[in-house]
Amino acid sequence: LRLQGRNGEAVEIQTRALELFLSYRDPRLAGWSRVHLAVLAIDRGDLDGAIELARAVLEGGVEMQAIAAHALVSRALLIRGAPGDSLASAKLSVQAIEKVGCVEDFDVLAFVTLAEAHLAVGEIESAREALAVARGRVEARLEGIDDPALRASFVERVPDHARVYELGRMMEKT
């Protein structure tokens, strides 16, 4: 729904889902609802709400979700203007990827946010390295998509993927 611009509806559905999963005492599904609500909170500028949701995900203790939670805290802190704290959270996200190994989602967000945080604190080479990893992950997924229009959509319409290429173009100019 978010990619269709239907954020209000997405918030409503994820909030109902979160309530249901909490009533079932299911930390895994509640965590994913909180992750998606945190993404939507960042989209609407509610950085405190996003951080609160992401930290609640971390309290749930589901390792795979720590990737997303730390990346979302990092993103919110970066937007807020706290690049050092953002970098620390981004590093935790990448450490969670390394610990878990196989990643379902949010790995691109982790690495592009790590690149942005490195850039914000003036660590240009580290930013380039993190961005290269992010781009590599997007391109690895692109290998399975033959249709040119679908490939373009995958790069342009998925916000984290688009940010990888946008940041890459920006860094080429520096």
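Residues numbered from 1 in each chain as written. Predicted model: local features only at pLDDT ≥ 70, side-chain atom pairs only at ≥ 80, totals over all residues. Heavy atoms only, no water.

**Q** Could you give an account of the overall build of the protein, with specific residues and numbers?
**A** Along the backbone of the protein there are nine helices and zero strands. Along its sequence from the N terminus, the protein presents helices and strands in the succession α-α-α-α-α-α-α-α-α. Computed over C-alpha atoms, the radius of gyration of the protein comes to 16 Å, within 12% of the 16 Å expected from 2.2 N^0.38 for 174 residues, which places it in the range of a compact globule. A principal-axis box enclosing the C-alpha atoms of the protein has dimensions of 50 × 40 × 30 Å. Counting across all 174 residues of the protein, residues that qualify as buried make up 45%. Contacts in the protein between residues far apart in sequence, at least 24 positions, make up 57% of those at least 6 positions apart. Accessible surface computed for the protein: about 9200 Å², of which carbon and sulfur atoms make up 52%. (Helix = DSSP H or I, 4+ residues; strand = E, 2+ residues; numbered from the N terminus. Rg over C-alpha atoms; globule rule 2.2 N^0.38 Å. Buried < 20%, exposed > 50% of the residue type's maximum accessible area, 1.4 Å probe, protein only. Contact = heavy atoms within 4.5 Å. Areas by Shrake-Rupley, 256 points an atom, 1.4 Å probe, with all protein chains shown as cover.)

**Q** Pulling in residues and values, what's your account of unusual backbone geometry?
**A** Both trends apply: most residues other than glycine have a negative phi, and most peptide bonds are in trans. Positive phi, normally seen in glycine, also occurs at R25, with a value near 55°. Considering the arrangement of structural elements, one finds R25 in the loop between α1 (7–23) and α2 (27–43). Of note in this structure, F106 is not a glycine but carries a positive phi near 75°. You can see F106 is positioned in the loop between α5 (83–100) and α6 (107–120). Its relative accessible area of 8% is what places F106 among the buried residues.

**Q** Describe the pattern of salt bridges, with residues and values.
**A** Tallied over the entire structure, the rule returns 13 salt bridges. Ionic pairing is found between R135 and E139, a salt bridge with its closest N-O pair at 2.8 Å. Of this pair, R135 and E139 are both found in helix α7 (residues 124–142), four residues apart, which corresponds to roughly one turn of the helix. The shortest N-O distance in the salt bridge between E166 and R163 comes to 3.0 Å. Of the two residues, E166 and R163 both sit in helix α9 (residues 159–172), three residues apart, roughly one turn of that helix. Its relative accessible area of 43% is what places E166 among the partly exposed residues. What emerges from the salt-bridge pattern is a single network uniting R75, E116, R163 and E166. (Salt bridge = Lys/Arg side-chain N within 4 Å of Asp/Glu carboxyl O.)

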